[in-house]
Amino acid sequence: TAAMRKAEGQLKEKALEDALEPQENAAVALAEVRELAVAQLVRLGLIQQLIGFQQSVANASGGMADVVGGQNDLIEATMAADEEALEKLLAPQNNLLQCLSDIAPSLDLVAARLDVGTPLVFAASDVEDALLAMEDGDAEDAAEIQEIAVESLEKVNGLVAEIAVQTGYIAEIVEYLSDAQS
């Protein structure tokens, strides 16, 4: 701004030649400030992406833990169920399948970095197969299928939990570096 004021003063005095250098200096300073602003915007975008990824991982982690717990509860109930009780477990098993469908989008960002897509697809298929076995009144087969589903769900949950810890560390480092640069 000092260079711009100097140039303005020289222009008022009609010293056009003398005004060129301060104007050039001001233009260079503005270009440098613009570069700094662009770099800051790029860093801000990267930090926002990291925060979004971290939130997706946290949501996926909590959701997967709930689904695994719910499926384990249903296994116990299915093993102890007679045909009448098995019918009453159809709704919770169906809800569990819906939960997997609801959680899947939050795993999209995670799936791009981990191999969670395949076990999640198998788990959803197994949960659906268990539902069909329950509809047929076959509690033993349903419980076996549910146990297979839990194995896949636990694998997904483990992968998500690992990346959750890593993203937490990375976010802390990025926050520290960002504060240090400010």
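Let us look at the structure shown here.

A few points about the overall build of the protein
Inference 1: Along its length, the protein carries seven helices and zero strands.
Inference 2: In the protein, which comprises 182 residues, the share counted as buried stands at 31%.
Inference 3: Put simply, 72% of the contacts in the protein that link residues at least 6 apart link residues at least 24 apart.
Inference 4: Here the protein has roughly 11600 Å² of accessible surface; of this, 54% comes from carbon and sulfur atoms.

A few points about the environment of Glu83
Inference 1: Relative to the helices and strands, Glu83 resides in helix α3 (residues 83-88).
Inference 2: Here Glu83 falls in the exposed class, since its relative accessible area comes to 61%.
Inference 3: A C-alpha to C-alpha distance of 8.0 Å links Glu83 and Asp138, two positions 55 residues apart in sequence.

Section: helix α4 (residues 90-103)
Inference 1: Counted at 1.5 Å a residue, the expected span for α4 with its 14 residues is 20 Å, and the 20 Å between its end C-alpha atoms agrees.
Inference 2: Of all the positions in α4, only Gln93, Leu96, Leu97, Leu100 and Ile103 are classed as buried. Mapping the buried residues of α4 onto a view down its axis gives an arc of 125°, with all of them on the same face.

Regarding the nonpolar core
One recurring pattern in soluble globular proteins: nonpolar side chains tend to sit buried together.
Inference 1: Core analysis: the biggest nonpolar cluster contains 30 residues, and Met64, Leu107 and Leu153 have the highest contact counts within it.
Inference 2: Secondary-structure elements contributing two or more residues to this core are α2 (16-80), α4, α6 (117-135) and α7 (139-181).
Inference 3: In terms of residue count, α7 provides more of this core than any other element does, eight residues in total.
Inference 4: Sequence-distant contacts of Leu153, that is, excluding residues within four places in its chain, are made with Met64, Val67, Val68, Gln71, Leu100 and Ala123.

Thoughts on the environment of Asn157
Inference 1: Turning to its location among the elements, Asn157 is positioned in helix α7.
Inference 2: Measuring from C-alpha to C-alpha, the distance between Asn157 and Ala60 comes to 8.3 Å, with 97 residues separating the pair along the chain.
Inference 3: Excluding its chain neighbours within four sequence positions, the residues that come into contact with Asn157 are Ser61, Met64, Ala65 and Val68.

Rules used in this analysis
- Residues numbered from 1 in each chain as written.
- Predicted model: local features only at pLDDT ≥ 70, side-chain atom pairs only at ≥ 80, totals over all residues.
- Heavy atoms only, no water.
- Helix = DSSP H or I, 4+ residues; strand = E, 2+ residues; numbered from the N terminus.
- Buried < 20%, exposed > 50% of the residue type's maximum accessible area, 1.4 Å probe, protein only.
- Contact = heavy atoms within 4.5 Å.
- Areas by Shrake-Rupley, 256 points an atom, 1.4 Å probe, with all protein chains shown as cover.
- Expected span 1.5 Å × (residues − 1).
- Arc of directions from axis to C-beta.
- Core = buried A, V, L, I, M, F, W, Y, C linked by side-chain atoms within 4.5 Å.

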